[in-house]
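If you want the building blocks of each chain, they are given just below.
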Amino acid sequence: MNQFQYVRASKPQAAIDVVAKDPTAKFIAGGTNLVDLMKRGVMTPQKLVDINRLPLAKIESQHNGLRIGALALNSTVANDAQVRAKQPLLALALNAGASPQLRNMATVGGNMLQRTRCSYFYDLAMPCNKREPGTGCGALEGINRMHAIFGASSTCIAVHPSDMSVALVALDATVLISGPKGERRLAFGDFHRLPGDTPERDSNLEAGELITAVEIPDNAFTKHVHYQKVRERASYAFALVSAAVALDIENNTIKAARLAFGSVAHKPWRLTAAEQALVGQPATEASFRRAAEVAMQGAKAFKHNAYKLKLAPNTLVQALKTASAA
Amino acid sequence: MKTQDKHIGGSMSRVDGYLKVTGGARYSAEYELPGMTYGVLVGSTIAKGRITSIDTKAAERAPGVLAVITHLNSPKVPGFKPTGKDPSQPQTVGGPLKVFHDEKVLFNDQPIALVVADTFERARHAARLIKAQYAKETHQTDLEASATQAFLPTQAKKNPKSPMADYQRGQADAYKSASLKIEQEYVIPNEMHSPMEMQSITAHWEAPDRLTLYDKTQGTMGTRRDFAKEWNLPEENVKVIATFVGGAFGNALHSWPHESAAVIGAKVVNRPLKLMLTREQMFTMVGYRPYTWQKVGMSATPDGKITAISHDSIGQTSTYEEFTESTLAQTRMMYTSPNLTTRYRLAALDVSTPIWMRGPGEATGAFALESAMDEMAHLLKLDPLEFRLRNYTDQDPEKNRPWSTKFLKECYQLGADRIGWKNRKLEPGAVREGDWLLGYGMGVGTFGAHRGSAHVSAQLLPNGHVVLQCATTDIGPGTGTAMTQIAADTLGIDPSHITF
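Trainee: Now, about the overall build of chain B: what can you tell me, with residues and values included?
Mentor: Across its full length, chain B holds 11 helices and 22 strands. Computed over C-alpha atoms, the radius of gyration of chain B comes to 26 Å, within 12% of the 23 Å expected from 2.2 N^0.38 for 500 residues, which places it in the range of a compact globule. The principal-axis extents of the C-alpha atoms in chain B amount to approximately 75 × 70 × 55 Å. By the burial criterion, 41% of the 500 residues in chain B qualify as buried. The contacts of chain B with a sequence gap of at least 6 include a subset with a gap of at least 24, amounting to 78%.

What follows is the structure, encoded as structure tokens:
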């Protein structure tokens, strides 16, 4: 491991000041991803600013929604009574991720900022535009069975690995950010980026900006929700494809729907057109199939991930069936 | 003696159970020696070619680094030679990788440098600072693409009676002219052992001609012979300690490049050196079940008597070492086919050498043969178990001699009763349980009951206790417990008074 400095921040502004001034500095919270990346030499920050003691771990009800502090632990959020009552989809997605040990360390902000698990990103002997811009993409012509079917570019076909973020993008969450220029709010769907020509940037956070909280507006999706994660082991594995589904059903007619795919793109993949295709339709498998067809428009496979073109719609249909029956 | 058996076959707590569940059992990476140094291997990033330059300056200057060893400065190892007829070693031609011997790269992640430092972390950091340049050559790692260049193993060329040689009884490929026949291809990919315990070794030159290894190995004597030979030492000057093995499944039956590298490194710094592979390195340099392509052709009479079997196999090996295994042995002895052909070939790829993996070649071959039996039974519309019974053989049809014992019919019956075989439908996919298709299947596996001699010393102490000693290791099945049971029954002494 490279030598690095470690400082502990007591106030958010102090943490932001350090990281904004020093491009080699990084925030560290649970460290479940960053420490691994440092051990392997994929990331080599010169300075770590420990934000664990900042008062950003609260989960609170507001007049029109839930506010979850960026430092709330994944396990705390998943087991929180308010979250389970108001946003059960989020709890399902969180519990599908990682292992209990990791969920006990990982924070909400850190979960959003975890890096791709593309093996070319991790292998220092391989080219990777995300790790080292300009070196090329090893996955494009390499082993790409875990990779994107939506929104990829010629510089990067990696996927975002988070489960939690798939639920948050479906639930119209907002990200609260503090930075050197003050505070700002960002729709969750605008937080993560597509690779384009700058795959080294996973999100739209600017230098020194710190996620302080996530807000989720109250909604009617408290019953018919499901998070379907398809993976190669029953636990402790990243998704091949996942689907977050929230339905508002009245008299077997779908009044509203929120849908998103995970592990199919460089960002959690909201399915707005498929949602619209469901509105006013009966909650039947035929409607779900039609929505899944809409969801798959524009999908493009690479050499080893063509299975996702079938797996993704089937996963969505399965999730919709489970959610509607809940 | 039999009637006095009390402990053999009986229930007894494992003698090392307490140590294992309390963390007291020491595995190869857990030995600490005064002055210990730590080694980390740097692997090649190409699969074939030559190292044209290797920059070790930054690594040498890094804190705590004691030595950086490459092919440019490695001490001469007296005996990088093929291993002999040791039964614990694969019957190979060529030999294990001669680590740091020259500039050639023969497989991806081949060790090209060893960094030795005073702590593991410092060694790992310095290892990342090493930069190699290569003259890359086109590699071939695809077995099916190189199937046309597959060759008869050298041992079969030298000896037509070798089990790896082509075998023929009756007519060659007689199934081809039959009317009821099947022909199917079967492929097994590379399979990695991935035991919980990563391979690790501590090498300690206790004197210039005396070497002690705390090593993960399934055969202490084989490892001792290998390193005595490698360093031209009398065998009694090499001591191998491997009390416990945390899973191996075959991949600690051979001496691997990291072991040679650790011994070289310990020689250079003249201190004990510990080297543990990373999980990634477990996939590139300590063996795996070889990718194997097989084709089985079979014909039978309408009443289910096999008339001919042809079984071809191409197994993967490396370019520097011929690894062979008994993929086709079961086919030659299992059923009474009057016409039978087996052909075993190897394809040398730009990969590290494979090794036996639990139920080694026998399992690979049984998968193809028994799948083909099912295909044939399906074609004949015959119950697969009945089909096997109609071709049952009461003697070894390869060697034409009776079995010592064979209880396969009884085994069939017991299995059929236990799983409710009688409920099986002849048509596949006919039984459902909810969303799931339910299938009844069967297959036969065989493995030779090999026997060898071993030496054990027993010491009777004045207090009535017995100490047993043997150069062995416990790979998990409970060697210490079994030896204690044998001694207890043989000597009539309570197991609590016996230490193995």
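Trainee: I'd like a description of the overall build of chain A, backed by residues and values.
Mentor: Regarding its fold elements, chain A presents 13 helices and 12 strands. A globule of 326 residues ought to have a C-alpha radius of gyration of about 20 Å, and chain A, at 19 Å, matches this closely. The principal-axis extents of the C-alpha atoms in chain A amount to approximately 60 × 50 × 35 Å. Scored against the burial criterion, the 326 residues of chain A give a buried share of 49%. The long-range fraction of contacts in chain A, counting pairs at least 24 apart against all pairs at least 6 apart in sequence, stands at 64%.

Trainee: Give me the lowdown on the domain arrangement of chain A, citing residues and values where you can.
Mentor: Considered domain by domain, chain A is made up of domain 1 (5–52) and domain 2 (224–325). For domain 1 of chain A and domain 2 of chain A, the distance between their C-alpha centroids amounts to 36 Å.

Trainee: Go over the environment of Ala15(A) with me, naming the residues and quoting the values.
Mentor: Residue and element names in this part refer to chain A. Position of Ala15 among the secondary structure elements: in helix H1 (residues 12–21). Linking Ala15 and Phe27, residues 12 residues apart in sequence, is a C-alpha distance of 7.8 Å. If we skip the residues at most four places from it in the chain, Ala15 touches Ala9, Phe27, Val49, Ile51, Leu54 and Leu210.

Trainee: Go over the pairing of strand E14 (residues 306–318) of chain B with me, naming the residues and quoting the values.
Mentor: Residues and elements named next belong to chain B. Of all 13 residues that make up E14, 12 are buried, and the element is covered over most of its length. Alignment of strand E13 (residues 292–300) against E14, held across 9 bridges, turns out to be antiparallel. Bridge pairing in E14 places Gln294 opposite Ser313. Count of turn residues in the E13/E14 antiparallel hairpin: 5 residues, of which Gly304 carries a positive phi of about 90°. Of the pairings in the sheet, the one linking E14 to strand E15 (residues 339–349) comprises 11 bridges and is parallel in character. Across the sheet, residue Gln316 finds its bridge partner in E15, namely Ala347.

Trainee: Please give an account of the nonpolar core that cites residues and values.
Mentor: With 104 residues, the main nonpolar core has Leu89(A), Leu90(A), Ala93(A) and Ala167(A) as its most contacted residues. For this core, the leading source of residues is helix H5 (residues 88–96) of chain A, giving 7 residues. Mapping this core onto the domain boundaries places at least three of its residues in each of domain 1 (5–52) and domain 2 (224–325) of chain A. Setting aside its immediate chain neighbours within four residues, Ala167(A) contacts Leu89(A), Leu90(A), Ala93(A), Tyr227(A) and Ala244(A). Core analysis: the second largest hydrophobic core is formed by 72 residues, Leu114(B), Ala132(B), Ile201(B) and Val263(B) among them.

Trainee: Explain the interface of chain A and chain B residue by residue, including any values.
Mentor: The interface is formed by 4 residues belonging to chain A together with 4 residues belonging to chain B. Grouping the constituent residues of the side of chain A that touches chain B by class yields 2 nonpolar, 2 polar and no charged.

Trainee: An account of the sheet that holds strand E3 (residues 47–50) of chain A is requested, with residue identities and associated values reported.
Mentor: Residue and element names in this part refer to chain A. Taken in spatial order, the 3 strands of this open sheet run E1-E3-E2, and their pairing is parallel. Among the strands making up the open sheet, the edge pair consists of strand E1 (5–8) and strand E2 (25–28). Between one strand and the next, the sheet's axes are offset by a mean angle of 25°, whatever the strand orientation. The pairing of E1 with E3 spans 4 bridges and is classified as parallel. Following the sheet pairing, Val7 is matched in E3 by Val49. In this fold H1 packs onto E1, E2 and E3, with an angle of close to 145° to the strand it touches most, E2.

Trainee: Kindly report on the sheet that holds strand E4 (residues 59–62) of chain A, identifying the contributing residues and their values.
Mentor: Residues and elements named next belong to chain A. Ordered in space as E4-E5-E8-E6-E7, the 5 strands form an open sheet in which the pairing is antiparallel. Only two strands of the sheet have a single neighbouring strand rather than two, namely E4 and strand E7 (182–187). Geometrically, the sheet is characterised by an average inter-axis angle of 25° between neighbouring strands, direction not taken into account. Here strand E5 (residues 65–69) runs beside strand E8 (residues 210–217); their pairing, made up of 5 bridges, is antiparallel. Its bridge partner being in E8, Gly69 is matched across the sheet by Ala213. The strands that H1 touches are strand E6 (174–179) and E8; relative to E8, the one it contacts most, it runs at about 125°.

Trainee: Before we move on, could you go through the environment of Val187(B) and cite the residues and values that matter?
Mentor: Residue and element names in this part refer to chain B. Mapped onto the elements, Val187 comes out in strand E8 (residues 181–188). The class of Val187 is partly exposed, set by 14 C-beta atoms lying within 10 Å. The spatial distance from the C-alpha of Val187 to the C-alpha of Leu460 is 55 Å, given a sequence separation of 273 residues.

Trainee: Kindly report on the domain arrangement of chain B, identifying the contributing residues and their values.
Mentor: All names here are of chain B. Segmentation of chain B into domains returns domain 1 (2–16 + 454–499), domain 2 (28–137 + 195–235 + 249–283) and domain 3 (144–192 + 288–438). With 18 residues of domain 2 in contact, the opposing surface of domain 3 contributes 18 residues. For the side of domain 2 that touches domain 3, a count of residues per class yields 10 nonpolar, 7 polar and 1 charged.

Conventions used here
- Residues numbered from 1 in each chain as written.
- Chains lettered and ligands numbered in written order.
- Predicted model: local features only at pLDDT ≥ 70, side-chain atom pairs only at ≥ 80, totals over all residues.
- Helix = DSSP H or I, 4+ residues; strand = E, 2+ residues; numbered from the N terminus.
- Rg over C-alpha atoms; globule rule 2.2 N^0.38 Å.
- Buried ≥ 20, exposed ≤ 12 C-beta atoms within 10 Å, placed from the backbone.
- Contact = placed C-beta atoms within 7 Å.
- Domains from an automatic or database assignment.
- Pairing = 2+ DSSP bridges.
- Core = buried A, V, L, I, M, F, W, Y, C linked by C-beta atoms within 7 Å.
- Nonpolar A, V, L, I, M, F, W, Y, C, P; charged D, E, K, R; others polar.
- Axes fitted to C-alpha atoms, helices over the stretch in contact; angles between N-to-C directions.

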